[in-house]
Amino acid sequence: MSIKIHSRAAWAAASLTAVAAISTLIYAQSAPPGLAPAAPAPMDLSTVKPEDAKAYFTTYGWIIGQRTGIKQLGLTADEIDQINAGIKLALTSGPRDIPGGEGILPKMQDYLQARAEKVAKEEIAKQKTASDKLFADLDKNPNVKKTATGLYYEIVTPGTDPKPTDTDTVTVKYKGTLTDGTVFDQTDDKDPTRDFPVAGVIPGWTEGLKLIGKGGTIKLYIPAKLAYGENPESPVIPPGAALIFETSIVDIKATKADPSAMQITPEMLKAMGGGSAPSP
């Protein structure tokens, strides 16, 4: 884990790139197939309401916060105020008017990296405690089975044969939660199903999907080693977290490469301010 220190120009460019990347992705997804997305017309600032401008700045701050990884530092309210004070100071000072002088930068980076590692270790220990309790309870549940890899599962409805294979794509409904019940991802009324290649998801999902057929439902209790491990790129999943999914297979189809389909690359995800997508 590393925390990068940017110059003021680079920092601004990075955050603006994130805004542009998100906007580009949204417009590209909404364009009719085969048509290049039209560039949005410049906004007439005279028509912007104060409450809308406030929402825009809040969203801009959210993007900056996601990109810089400040959530990894476990900040207190006072420390957040200190960061806000630094931002305000930057608006009235020159690019080299660094509080504490330029000599503070390497020490600051060392401190932030040590702080992030400390928070991560504490979170991993917390998640291990929660995971150990979850799996100990599951060991006592006669309806739950365990595979050789350490995946726990309960088949609610087996579905029909044939079951999916690594070369298939499945259409699924699902809900993913942490051990404390927090929902981190799910299909819903606006997004009722999603398609995933069986071999293109986390190992616990790949293994679990092949245990049921079309129309089947399974509960998956996935240890961190079969999920995202201790270094999840998604900010919504803690390091070392066990994940719980209830998944239903709506359809199974052979995977076919579609060169015209829009693919979300790792570079696009990084530009959007996240690492990997929170989906399984």
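Predicted model, so just to flag it, every value in this text is computed and none were measured.

Turning our eyes to something else, we now look at unusual backbone geometry. The step from D161 to P162 runs through a cis peptide bond, and the omega angle for that step is 0°. If you trace the backbone, P162 turns up in the loop between β2 (152–157) and β3 (168–177).

As a further point, take the pairing of β2. Where strand β1 (residues 145–146) and β2 come together, two bridges link them in antiparallel fashion. For K146, the partnering residue across the bridge sits in β2 and is Y152. Bridging between β2 and strand β6 (residues 217–222) involves five bridges; their strand directions are antiparallel. Bridge pairing in β6 links I155 to I218.

All right, on to the pattern of salt bridges then. In total, this model carries eleven salt bridges according to the counting rule given. As a salt-bridge pair, R96 and E102 come within 2.3 Å of each other at their nearest N and O atoms. In this structure E102 comes out as partly exposed when scored by relative accessible area, which is 38%. Three or more residues joined by partner-sharing salt bridges are found here, namely D185, D191 and R194.

Position of T206 among the secondary structure elements: in helix α5 (residues 203–209). On the basis of relative accessibility, which here comes to 12%, the residue T206 falls in the buried class. Polar side-chain contacts of T206 include one of 2.7 Å to the backbone oxygen of V198. Setting aside residues no more than four positions away along its own chain, T206 makes contact with D166, V198, A199 and V201.

Residues V172, I202, W205, L220, I222, L243 and F245 are the most contacted members of the largest nonpolar core, which totals 25 residues. Of all elements in the fold, only β3, α5, β6 and β7 (243–254) reach the threshold of two or more residues within this core. Setting aside anything within four residues of it in sequence, one finds W205 in contact with V172, Y174, F196, L220, I222, F245, T247 and P280. The next biggest cluster of nonpolar side chains, apart from the first, holds eight residues, and it includes F135, V144, Y152 and A242.

The rules behind the values
Residues numbered from 1 in each chain as written. Predicted model: local features only at pLDDT ≥ 70, side-chain atom pairs only at ≥ 80, totals over all residues. Heavy atoms only, no water. Helix = DSSP H or I, 4+ residues; strand = E, 2+ residues; numbered from the N terminus. Pairing = 2+ DSSP bridges. Salt bridge = Lys/Arg side-chain N within 4 Å of Asp/Glu carboxyl O. Buried < 20%, exposed > 50% of the residue type's maximum accessible area, 1.4 Å probe, protein only. Polar contact = N/O pair within 3.5 Å; in protein donor to acceptor, adjacent residues only side chain to side chain. Contact = heavy atoms within 4.5 Å. Core = buried A, V, L, I, M, F, W, Y, C linked by side-chain atoms within 4.5 Å.

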